[in-house]
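# A closer look at the structure
Chain residues, written in single-letter form:
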Amino acid sequence: MPVVDLLALVLMLTGAAFFFAGTVGLLRFPDVYCRLHALTKVDNLGLGFVLAGLALRSGLLTVALKLLLIWLLVLLASTTACHLSARAARHLGVEPWRRA
Amino acid sequence: MTAILWAFDVVLAVTLVALAAGVLATASLFRSIVLFIVFGLTMSIAWARLDAVDLGLVEAAVGAGLTGALLLNTLGHMRSQAEFTPEPSHGPGGRLALALAAGTAGLAIGAAVWAWPDAFAGLGDRVDTHLAESGAQNPVTAVLLNFRAYDTLLEIGVLVVAVVAVWALSPMRGRVLDADPPGLVLAGFVHLLVPVVVLVAGYLLWMGTDAPGGAFQAGAVLAAAGVLLLITGRVAPPQLQAIVERGAVVLGLVAFLAVGVAVMAGGHAFLELPDAWATTLILLLESLLTISIAIVLVILFAGGRTDAAHPPEDAAP
Amino acid sequence: MNDWTAALALFLLLNLVAGLARVWRGPTPADRILAAQLFGTTGVAIMALLADALDITSLRDVALVLAALAAVAMVVFVRRVWTGQPDPEEAADAGR
């Protein structure tokens, strides 16, 4: 396997690991604020690593730039979505979880 | 490779059926809507696997994006009304009858597909043979805007009728400008995102003649930008009495009819695009259709007419 | 090597399926729609991976559209649905 492909594979596997961690967090964390914490890692690092690996595999600057734009759009969307839902939850009195 | 894709398809198909069942089975409207949004996303992946990227694009923009916004907006509107009770509208007998009817229809369609003759290859070959005359490199655009332009004409007609119905049936309850100011983050988000979304819509429109994309995809994406502007109080909902909005709604339909009739002057049949002009006419029609589709979808979201002569009782003083 | 991107797409799809439990369980509306928000990102990644695995470049445009509209549902949700109006379904929903 060429070095570039190997590096791309490592990047994508790293990204997939973050997706897996995000799913576990979504299912196992105790309240909505904790789950937000897990989800934003997926959008930032999970998608970032997967797209970086794909960009490397394609070897084309145009493809890499399109994937970069996609990543920036998702970053923007997830940051805003995280802020909006956390603020609404706080405003509507959803209590943060505390260890019993 | 094949084994992996086979497993992917099985998981996808099972998930789609489970999501559809979940959408119908849950008593909570909100949960149903969220499942429906996920269904749209999953459906878009299914279209990608079926090599129907044009449909995947529509499903991504409409199913995963706009439909969710429309349904959530409707739910919020319903809850704001005092008499709203989320009672299921059918008793057990009615539900059984509906399930039987839907099941029978499903089995009939399944039987029809099963009985498909092996030798019948569909119309794909004929489209490919005549693609060069269509003025478009993308076979889907060639069919929609040229070979079967009649269908597309009627579709845009349906959208215009939908707007007329919404305007006739639902007076808007005083949403002049969304009064609740968006926070800094949301305002900044809309400020940054809307120009990019407009650019993406233009890209899809331009790509549509030789790659997946086109008026419906671009219109739906553009409408999402409109929804964001509307919901954060940046623009007022479209007005019934404004000539610009009325014009934009019928623009696509009128242009379609005008082109259809104009080509008859050159001795062609109705909507039969002359080969030499086909590319130009398709791009022109798609551009105008994009505007109409976007404004129609925004109006469906805004949900009715605002009547300046008779301000609604709960409008801000 | 395309095998790898196809396999990763399958892995992400399985993640999405597992996450559906959160949509069903809630308990708050924000939990449900946040799960959908995560699936939007998963969908973007799956489309980009399939574009590579199946050699269909235009699937990246589907990923682009999903990314551009990723937060629309969430914005409508916080502006129109989860605004502190009484939610007649919340109580009925909690027991299921």
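Here the structure is a predicted model, which means the values were calculated and not measured.

Analysis parameters
Residues numbered from 1 in each chain as written. Chains lettered and ligands numbered in written order. Predicted model: local features only at pLDDT ≥ 70, side-chain atom pairs only at ≥ 80, totals over all residues. Helix = DSSP H or I, 4+ residues; strand = E, 2+ residues; numbered from the N terminus. Buried ≥ 20, exposed ≤ 12 C-beta atoms within 10 Å, placed from the backbone. Contact = placed C-beta atoms within 7 Å. Nonpolar A, V, L, I, M, F, W, Y, C, P; charged D, E, K, R; others polar. Domains from an automatic or database assignment. Axes fitted to C-alpha atoms, helices over the stretch in contact; angles between N-to-C directions. Parallel < 35°, antiparallel > 145°, perpendicular 65-115°, else oblique. pLDDT = per-residue confidence, 0-100. Expected span 1.5 Å × (residues − 1).

A word on the overall build of chain B. Scanning chain B for helices and strands turns up eleven helices and zero strands. Across the 317 residues in chain B, those meeting the buried criterion constitute 39%. In chain B, 75% of the contacts between residues at least 6 apart in sequence involve partners at least 24 apart.

Now for the overall build of chain C. A count of helices and strands for chain C gives five helices and zero strands. Mapped from its N terminus to its C terminus, chain C presents α and β elements in the order α-α-α-α-α. In chain C, the proportion of contacts linking residues at least 24 apart, taken out of those at least 6 apart, comes to 55%.

This part takes up the interface of chain A and chain C. Taken together, the contacts link 36 residues of chain A with 36 residues of chain C. Elements with a minimum of two residues in the side of chain A that touches chain C: helix H1 (3-28), helix H2 (32-58) and helix H3 (61-91) of chain A. The element that contributes the greatest number of residues to the side of chain A that touches chain C is H3(A), accounting for 13 residues. Here the side of chain A that touches chain C is built from residues that sort into 26 nonpolar, five polar and five charged.

Now for the interface of chain C and chain B. Size of an interface, as often reported, equals the accessible area lost when the parts are brought together. Each partner contributes to the interface: chain C provides 44 residues, whereas chain B provides 52 residues. Only helix H1 (2-25), helix H2 (29-53), helix H3 (59-68), helix H4 (72-81) and helix H5 (88-94) of chain C provide two or more residues apiece to the side of chain C that touches chain B. By residue class, the composition of the side of chain C that touches chain B is 31 nonpolar, five polar and eight charged.

This part takes up unusual backbone geometry. Non-glycine residue Asp51(B) carries a positive phi angle of around 65°. Following the sequence through the fold, Asp51(B) ends up in the loop between helix H2 (29-49) and helix H3 (53-79). Unlike most non-glycine residues, Asp55(C) shows phi in positive territory, near 55°. You can see Asp55(C) is positioned in the loop between H2 and H3.

Let us look at the domain arrangement of chain B. Residue and element names in this part refer to chain B. Entries for chain B in the domain assignment read domain 1 (1-84) and domain 2 (127-307). For domain 1 versus domain 2, the distance between C-alpha centres works out to 23 Å. Counting residues at the interface gives twelve residues for domain 1 and 15 residues for domain 2. Across the side of domain 1 that touches domain 2, the residue classes tally to eight nonpolar, three polar and one charged.

Turning our attention to the environment of Asp125(B). Counting through the fold element by element, Asp125(B) comes out in helix H5 (residues 124-134). On a C-alpha basis, the gap between Asp125(B) and Gly68(B) in space is 37 Å, while along the polypeptide they are 57 residues apart.

Turning to the environment of Asp118(B), a few remarks are in order. All names here are of chain B. Note on placement: Asp-118 falls in the loop between helix H4 (92-114) and H5. Of the residues examined, Asp-118 has 5 C-beta atoms within 10 Å and is grouped as exposed. Taking the C-alpha atoms as reference points, Asp-118 and Ala-269, 151 residues apart in sequence, are found 35 Å from one another.

All names here are of chain B. Between helix H6 (residues 139-147) and helix H11 (residues 278-302), whose axes approach to 11 Å, the crossing angle comes to 90°. It follows that H6 is roughly perpendicular to H11 by the angle criterion. Every residue of H11 that contacts H6 at Thr-141, Leu-145 and Asn-146 is listed here: Ala-278, Ile-282, Leu-285 and Glu-286.

Bringing the confidence of the model for chain C into the picture now. Should the pLDDT be low somewhere, the predicted coordinates at that spot are not to be read in detail. All names here are of chain C. On average, residues of chain C score 85 in pLDDT, and 86% of them are at 70 or above. Mean pLDDT values for the elements of chain C range from 51 in H5 up to 93 in H3. Of the regions scoring below 50 in pLDDT, residues 91-96 engages in five contacts with residues more than four places distant in sequence or in other chains. Reported for the predicted complex are a pTM of 0.88 and an ipTM of 0.91.

A few words now on H3(A). Between its first and last C-alpha atoms H3(A) spans 45 Å; for 31 residues at 1.5 Å apiece the expected length is 45 Å, and the two agree. Once H3(A) ends, the next one or two residues include Gly93(A), with phi positive near 85°.

Taking 1.5 Å per residue, 24 residues should reach 34 Å; H1(C) reaches 36 Å between its end C-alpha atoms and fits that length. Directly beyond the C-terminal end of H1(C), a positive phi value near 70° is found at Gly26(C).

Residues and elements named next belong to chain B. Relative to the elements of secondary structure, Ala-46 occurs in helix H2. Under the C-beta neighbour-count criterion, Ala-46 is labelled partly exposed, with 18 such atoms within 10 Å. When neighbours within four sequence positions are excluded, Ala-46 is seen to be in contact with Leu-12 and Leu-16.

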